[in-house]
Structure formats: C-alpha cells, structure tokens
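Single-letter residue listing:
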Amino acid sequence: MSGGSARIHVATLALFGLLLAGPAAAQSYVIRDVVFRSNVAVDRDEVERLAGLTVGGEIETTDLAPIRLRLESTNLFDHAEVSLSADADGSVDVIIELQRHSRIDSISFRGNRNIRDDSLLTASRLQVGAPFEAAGIQDAIERIRATYQEDGFAQVQVRVETSEPQPASMQLVIHVREGKRRCVADVVVRGAPPGLEGRVRRALGFKRRSEYRPKRRRQSLADVMKALRKGDFLEADVDVVWTPDDANCGILEVVIDAGPKVLLSVVGNEAISEKHLLALIDLSRRFVVSDGTWRDLGRRIKRAYQEEGYYRAEVGVDIAAGDPKRIVYRVQEGQPFKIASVDFEGAVGVPPEVLRRGLVTGPPSWIPWRQGVFLDDVFQQDLKRLWFQYRRLGFQDAEITDYRIQFDEKRGEMRVLVIVEEGPLTTVGSIEVHGLPDDVVPPKLHTAVGAPLDSDALDDDRHTVTNALLRMGYAEAAVKAETTSRPVDDAKQADVTITTEPGAQRHVGEVVVQNNFETQAEVIRRELPLTPGMPLDPEALLQGQSRIYRLGLFRSVAVEPDATRDAQGRSPISIRVVEKPPWSAQSGIGYNSRDGLRLFVEAGNYNMQGRGRRLSLRGDVSLEPKDFSKPNEYVANLSFREPRVIDSWWNLRANLIAQRATRSIDHYSIERFAFVPAIDREILYGLQVGAEVQIEDARLFDVEPDLVAFNPRDVGSLRTVGFGPFMIYDRRDDPFSPTRGTYDSMRLRVAPPGLGSDVPFAKLQLQHSQYVPIAAGVTFIYALRGGWAHTLDGGIVPLRERLFLGGRTTVRGYEENSVGPRGDTVYDSNGKVVFNAHNPLGGDLAINGNAEIRFPLIFGIEGATFFDWGAVYLTQRPLRFEDIRYGAGPGLRYNTPVGPIALDYGFKVNRRDDESIGEFHFSIGASF
C-alpha cells in the first residue's frame, strides 16, 4: 500500500470514529477537492449539485450520510459511498465512490420459432434503456413462459443470458426452448343433439392429433355455441374441458346441455321485418340465454318501433314450454307519429326558442339525431336538461310540473306541451370572497353583480378559486360557494359568498432526476417550470412532464411530488424517465397519388453528448405514381437540432439537402442543394414562432416548351438567399388524426437584392384549419389557405417559387398542380405548331378552401363528403371569378397511428369541355 493511500484510510477511519462519537463530535472542514471514483463516467455537475459540494466550501462529518442518500435517490447507482480524506491544514478531499446500475442496452431472442420477437418483448415488459434488475428479469421469464403456455407449449424453458460489453451496459439474450406444442389425443363430444355432432366437431376447430392452444379455447367455445344456435338450440349450455396426459397430449371434451329447440316468431309486424326484429339481440355468441333474454328482446322490439315513430306500439311475449319451446312476439303497431311541435306553457322569462335549443326531442330536421320521434327515456333527459337550463338562466325555483301530448290521428302528428312554473328571476346582488391568502391573486369570476344567478357559472367560479389556490401550492384547499336570497319586488337578489380554507402551503423541494443513464439531468430538469422554493403547482408539474416527453428522448416520463415535506413545507420532486436508445435506424414506405411510391431510410443519434442534440441522415427515393419502374426523385437530408441554445428557450435546427427530381407533376426537372438553418421556440402552449434562412442553388432542366416560352429565365441555374419569420399555432387534439381544434400557420420568405439571389422576391403563405365535432364520431373540417409571391425587380416570379393548386390536399377532382393559368401554344418562325400541351404555369396569387364532413361507417372505416375550391392567378393577367375551380365528392378514411389512410373521388363541379369528370386521390396522413 502506498503512503498516500495509507494516509487516506487512516484519515477516513479517524473521521468514522468521530461519526460514531455522536452529534457532539461533528466537525467542519474546508473542501479542497472533490474526487470521483466510478465504474463509468458520471454527470459530475449533477452529482456535485445533489451533494451540495463546492471547492472552498465547508462540509461536516454529519453531512456524509444525507449526501449518500441523495445520490442513491437517483436510482442510478448500486452503491454510493462518501468519505473524507483530511490533511494537516484542516482541509479535506471529498471522495465519492459510485457503482452505477447496469442499463439494458439491447434485448434479443433466440430459439423462438413460433412467437415473434416483438410479441415476446411486449409480454416480457422489458425495455431497452431501463435499469437492469434481477427481479425484473425473473418476472419477464415467467411472463414469457405464460405466453408460450397459452399457445400450447407446456414444456417451454426460458433462460436469460447477460453480458456486459461495456461497464454498466447490459445486453440480454433470451433463449427459448419451445419444446413441442400439446396435441389433442382425442376429442369427445357429450350431449350433442341428434344430427349436430359433426357440426359441433367442425365448429370446435380441434381434431384428433391436432395442436392444442389454450388461448383458442374461448373462441372454440363461442363457435360451438354459435353452431348450436344455428340449429335452434338457443338455450344450450356448453363447456369445453381439457384433461392433459403424461405424453404432452390430452383429451378435449365438449359437454353440452342442449335443452329444447327454441322457435321464435313475430306476429302483427308489418312495418319492420321479422328478420330485423329478431336480430336486435345477437344470440349466436351469447353464452347464457334464458327467459330474461326473451323478455329483453321484447323490450328492444318495442324500442325499435318507437324509433320508427310508432309511439303507441305494444309488444307481448308468449313463452310456451315444451320441445320445441315456442316464443311468440305479438306486436300491435298502431299508427306512426312524427313530432309536429314542442311548446311551453308558463315560459315567460325565457323565450321558447331558447328552451328548444337544448332538446333532442323535436320535429324532424337535418340534425342527425333529430328524427322527429318521441322516445320516453330521451324526453325525460330533455326535461332534466330544461331544469338545469332554467337554473343557468337565473330561475332557481323553476320546476317542470307536467307535460301533455296531443295526437292528431289524421295527420299522424304529435304535439308536445311542457308545463313550467318559472318562479322569480334571481340576480346577483353582491359577491364576496373570504379567506384568500395574500399571495394568491384574486381570479376573475364568471359571476357578475346584476347578472342572473347561474348555478353552473358559480360552480365554475368555485373551481377557478380552487385552481388559483392549487397553483400557489395550497394542495389541501377547500372552497365553498354559498348564496343567500332575498325578495326584491317581483324578483330575487342573491348575495354570493365564496369561502376558502387554504390549508398548509407546499413548496418545491429538491428536484431529483431518476434513471437518466444517457441524458444529463440538467437537460431534463430545465424543462420543469418549477425550481426549489416555488409554490408547488400541480399544473406546472403536468406541463413539465409534457415538455420532457416532447424532447423525444424517453419512452416514458413521470413527474411526481413526494408526499412528505420538511419543516419549511418543501416536498421533493422526482422525475422518473425511461430512455430510448440514442442511436436509431429506421426505414419505411408510403404511397400517395401525388408523389407515388416513396421509400426512405434514416439513421442518427438523437441524444448526442446526453444534451438532446440530434444529428441524422435521411435518404428518400420516390417512384412515379403510374409506373413504379421509374424513380422520379432522390433526396438526401443531413439534419441537426440543438435544443435550448445557450440555455435559452430557442431551438436551433439546420438542414443540408440535396435533391434531384424528375416528377411528371412538376412539368420540369430540378437538381438543388440547400442549406436551411432556423431558430424557433414555443412562446405559448401550441404557439411556435421562429425565423428561417434558406440558401439554395437550383438548376431547372427538361422544362416544358410552353413554360419556357412564358419565362425563358426559368431554365438553368437559380440561386436564392432568403430569410423570414414563421408562426405555427397548433391546438389540435392529435397531430395525426385530429377530431377537434385549430391549426394556423404563417410563413414569410424574403430574398432581397444584394444577398446573392438571382431573382429577388417575397413570398407569403397562410393557412387556417379547424376541426369541429358535431356528433359522436362526426367531425366537420374546414380549411382556408392563401399564397402570394412578388418579385422585387419587376420580373416574373421564378417557376420554382410559383404557387400551384389541384390534387389530393388542395382541390380534389383535379390532377396535381393543374388548377390555374396554362401555357400558350408554341409556334415556330413559320407559324407551325411545335408544342400544344398547355401545361400549368403556376401563379403568384393563390386562394384555396376546403370543407369536409367525416362520419363513422363500419370496422373503424369512416366515410367523408367534401367540397373544395381554389384559384391560381398571375397578377399581370386579369383576375376573373370564373377561374375559381370547384371539386366535390365522397371519400373513405381509415385511421392509423401516422394519420388516416384516405381514398377520395372528386368530381369537377364546373368541368370544362376538354376535362375528365373527376379524379381519384389516395394519401396517408392529415391533409389539412
């Protein structure tokens, strides 16, 4: 042992003796240095922060144990030890010895021939990036074994092989010995009705010597039940019993209590077919059918008649025991009625048209749920809504006392009269809030003096005051809202008192990041809008959790306060993360009717240096929509992203792009190189602002002759140096398959003279989209877009920068980019026609609108109807209203995790003589 080491251990032992001597022996030292000893590199800044150590600062022997506990709270270390090495001058080196947890670096499977890797990984619940824990590995083995046993492999063996190619980095190889799947030695059917044994055996799905999979047992049971139901044994009871033997096989026994045949019939039905009425209950897969089932079907038959307007329909059920058992539904249909009106008696203070707005019951209308029929349960819910509506309007004593229905047999109409006793109108006389702490800013209330007393608004105010207290850390706050009414002339006035009991205030304590093996704690912690000492705001915790997850570095994120608090009312905050692997490689394929078949491959590091920096390289190849043998575009994109530039809220991104495109939809070919740096930040939730620079060198070739004739400068090289701001406001509920919310964007790009652009210009693009839910599963969508481009030297906007419309995302029913002005016929010097294609020229002004209604169909498929319009103009030509093109048609949607798969057929509403009737459009992803 060296002399230096001996001195360290002697000093450590001496200090350990001081610790044993108790608090009175605590001694303060000056920190000379902090020495780390670890099996892997650690985030030294974070460890020193947690330990509260600074060179030149002081430390006491009693500080060592709390420091160790704080380090272990990160869940990063198997072992943490803190000791002191004293010197003669009274200074010490703080020695921090750390043994970091092993992190699961990769998971692979061997020997699994019958179950796929991804299914086993899901069953195991193991995750790459999570800490390696022996107990978790054993649980994973049991779950994988259970998965195999459900698939019939009773003798499966599972073991996990671990290796540590790098310190604290664990690779798992899960070896599976599947063995043989259980076999069916014999199938025994007991109690099958005469003539149905063969049908039962076929429905069972298992044969003698076939493989036995326990997970199919329930499906087999349902199929046998369905076979019996088809044979009219509607009340049959079935059980499937498996008895294993010692030879990895077993006997599969089907035990049937068939009961009598059941014959169903309906008499007296003319308006609705017997087949439709008897199908109101799906008996084919019901495991239990009894007399209660038949009475339930009777109630459903009556409801079906009432939904068709037969309000007076009556349905009786006759059940005659025997073999066969006969069940007869006797229907008295009566006359169909439609609601002609819903009126109110006693409604003086509230206009009847206001009351009718909240009713489902009413005359037929275009609203999907307003069919004009009277249903008792629906009407009772309407009466409840009326009662609450009166209270929202200030009539606190209002009551719905009765209702009457008048039938007009001759016209087949019903007139509904609702009788109301409104009582006096109650207005707000005064509002007082008591008990609000000084550090809570009084929130703005919905309830106002002089306005009608709205019970819902008052309840909202109670929640508003409660939330204001919660945001300031008063987690145990209780808020009551009370009213005291007094008569004033023919009305009432209410004095509103909101009383608060704040309780103890909680503040933020130590913020500890857990399980961050790759990512620096500072990168995670800075996304939390709370720092130690601030009031503990639950909303800020959720906001921070969302921000951390949106970094894209983690599989899961949980931000939670500890239930305990210290003497100052501070609660520690833990941020638990499960990291994604920093390196990623992926590939994919897509198709749409505009760009054709598209293939891509991408690889990159998405967490460089543990700082959330991203560097990736992506390559795309597209094939012509109508001829997959012809590649029409190659794109290479090297991208970099730096979050939080210089610890600010601004993000930096930069893209280096190389592209060669010969797409037929463009009527020209292009080669370009572009460098596009940008900065952006979120200033409000959903509101992103930024600025972008685009430096591009492009070469256009194979330009169609009529486009060249319009602007000869469009052929050849075009250098552009432009910059400008952009803004995106996205409040949709889902960026891939939204059903509500808005999306707005603005992008301005200016390429001024003097910066190297061949053609100086300015270009502005705007978009507004909104998703409006109008019923269950029904969404109305509309979008408005506009674009404007202008050269700063008086020339024509370059073809590369002109605006185009037409196709799957703009005006459906038209070919891609086909809406707008077209080129003229090209003649030679002798007046002979040399080109007569009339290709789209694009324009410098474009407007576009879309409207669409989506509604559910079957099996997750949605239907759609749409109406699109748009126009493209060249401002040096006359702007004509008739140049606006219209398209409309039906469509189908199927939602996927990356957006809806859409198939549309658009008809040209104002079709011209030389045009087709319409066009098909196919795409994946949101169009608006």
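Residues numbered from 1 in each chain as written. Predicted model: local features only at pLDDT ≥ 70, side-chain atom pairs only at ≥ 80, totals over all residues. Heavy atoms only, no water.

Draft legend 1. Up close: the state of the cysteines. Summed over the entire model, instances satisfying the criterion amount to one disulfide. Each disulfide pairs two cysteine sulfurs, and for cysteine 183 the partner residue is cysteine 249, the sulfurs being separated by 1.7 Å. One disulfide, between cysteine 183 and cysteine 249, carries an S-S torsion of 50 degrees and so falls in the right-handed class. On the criterion of sequence distance, the pair formed by cysteine 183 in strand 8 (residues 183-190) and cysteine 249 in strand 10 (residues 249-257) is long-range, its members being 66 residues apart. Across the pair, exposure class does not vary: cysteine 183 and cysteine 249 are buried alike. (Disulfide = S-S within 2.5 Å. Helix = DSSP H or I, 4+ residues; strand = E, 2+ residues; numbered from the N terminus. Buried < 20%, exposed > 50% of the residue type's maximum accessible area, 1.4 Å probe, protein only.)

Draft legend 2. Representation of helix 3 (residues 64-72). Taken residue by residue, helix 3 has Leu64, Ile67 and Leu71 as its buried positions. The buried residues of helix 3 occupy an angular sector of 60 degrees when the element is viewed end-on, so they sit on one face. (Arc of directions from axis to C-beta.)

Draft legend 3. Representation of the pattern of salt bridges. Enumeration over the complete set of coordinates arrives at 73 salt bridges. Across the salt bridge formed by arginine 598 and glutamate 633, the nearest N and O atoms sit 3.1 Å from each other. Placement of the pair is arginine 598 in strand 24 (residues 596-608) and glutamate 633 in strand 26 (residues 627-642), with a sequence separation of 35 residues. The exposure class assigned to arginine 598 is partly exposed, which follows from its relative accessible area of 26%. The salt bridge partner of arginine 812 is glutamate 852, with a shortest N-O separation of 2.8 Å. Residue arginine 812 is found in the loop between strand 33 (778-791) and strand 34 (826-827), and its partner glutamate 852 is found in strand 36 (residues 845-856); the two are separated by 40 residues along the sequence. Assigned by exposure class, arginine 812 and glutamate 852 land together as buried. A cluster of three or more residues bridged by salt bridges with shared partners is formed by Arg812, Glu852, Arg854, Asp868, Arg893 and Asp904. (Salt bridge = Lys/Arg side-chain N within 4 Å of Asp/Glu carboxyl O.)

Draft legend 4. Region of the structure containing the sheet that holds strand 14 (residues 338-345). Taken in spatial order, the three strands make up an open sheet running 14-16-15, and their pairing is mixed. In this open sheet, the two strands that pair with only one neighbour each are strand 14 and strand 15 (399-408). For this sheet the average axis-to-axis angle between neighbouring strands, irrespective of direction, equals 20 degrees. Where helix 11 (residues 376-392) meets the sheet, its contacts fall on strand 14, strand 15 and strand 16 (413-421), and the angle it forms with strand 15 comes to roughly 140 degrees. (Pairing = 2+ DSSP bridges. Axes fitted to C-alpha atoms, helices over the stretch in contact; angles between N-to-C directions. Contact = heavy atoms within 4.5 Å.)

Draft legend 5. Spotlight on helix 6 (residues 197-204). Within the sequence span of helix 6, burial applies to Val200, Ala203 and Leu204. Buried residues of helix 6 fall within an arc of 105 degrees about the axis and therefore sit on the same side.

Draft legend 6. The arrangement of the sheet that holds strand 18 (residues 478-488) in detail. With respect to topology, three strands assemble into an open sheet ordered 17-19-18, the strand pairing being mixed. Each edge of the sheet is formed by a strand with only one pairing partner; in this case those strands are strand 17 (426-434) and strand 18. Here the average twist between neighbouring strands, direction ignored, is 20 degrees. As defined by bridge partners, strand 17 adjoins strand 19 (residues 491-501) across eight bridges and the pair is classed as parallel. Considered in strand 19, the bridge of isoleucine 431 is made with valine 496. The sheet strands contacting helix 12 (residues 455-471) are strand 18 and strand 19, and the helix crosses strand 18 at an angle near 145 degrees.

Draft legend 7. Quick look at the packing of helix 6 against helix 7 (residues 217-230). Contact geometry of helix 6 with helix 7 gives a least axis separation of 8 Å together with a crossing angle of 150 degrees. Comparing their axes, helix 7 and helix 6 come out roughly antiparallel. The way helix 6 lies across helix 7 gives a crossing that is right-handed. Each of Arg199, Val200, Ala203 and Leu204 in helix 6 lies in contact with helix 7, whose residues at this interface are Ser220, Asp223, Val224, Ala227, Leu228 and Lys230. Of the residues assigned to the contact of helix 6 with helix 7, the class counts are six nonpolar, one polar and three charged. (Parallel < 35°, antiparallel > 145°, perpendicular 65-115°, else oblique. Left-handed = near helix turned anticlockwise from the far one by under 90°. Nonpolar A, V, L, I, M, F, W, Y, C, P; charged D, E, K, R; others polar.)

Draft legend 8. Representation of the pairing of strand 33 within the structure. Note that strand 32 (residues 761-775) and strand 33 share 14 bridges and pair antiparallel. Bridge assignment links phenylalanine 761 to a residue of strand 33, and that residue is threonine 791. Linkage of strand 32 to strand 33, two consecutive antiparallel strands, is achieved through a turn of two residues, within which glycine 777 is found at a positive phi near 80 degrees. Direction of pairing for strand 33 relative to strand 36: antiparallel, over a ladder of ten bridges.

Draft legend 9. Highlighting the packing of aromatic side chains. For the structure on display, the rule yields 17 aromatic pairs. Ring centres of phenylalanine 206 and tyrosine 212 lie 5.5 Å apart, and the angle between their planes is 45 degrees; on these two criteria the pair is classed as tilted. Owing to a relative accessible area of 3%, phenylalanine 206 belongs among the buried residues under this scheme. When the ring of tyrosine 390 is compared with that of phenylalanine 395, the centres are 5.7 Å apart and the planes differ by 90 degrees; the resulting orientation is edge-to-face. Judged on exposure class, the residue tyrosine 390 and its partner phenylalanine 395 are both buried. (Phe/Tyr/Trp six-rings, centres within 6.5 Å; stacked < 30°, edge-to-face > 60°.)

Draft legend 10. Quick peek at the packing of helix 4 (residues 117-124) against helix 5 (residues 134-150). Across the interface, helix 4 lies against helix 5 with an axial gap of 8 Å and an inter-helix angle of 130 degrees. Taken together, helix 4 and helix 5 sit at an angle that is classed as oblique. The chirality of how helix 4 crosses helix 5 is right-handed. Residue-level inspection shows Leu120, Ala123 and Ser124 of helix 4 in contact with helix 5, the latter providing Ala140, Arg143, Ile144, Thr147 and Tyr148. A class-by-class count of the residues in the contact of helix 4 with helix 5 yields five nonpolar, two polar and one charged.

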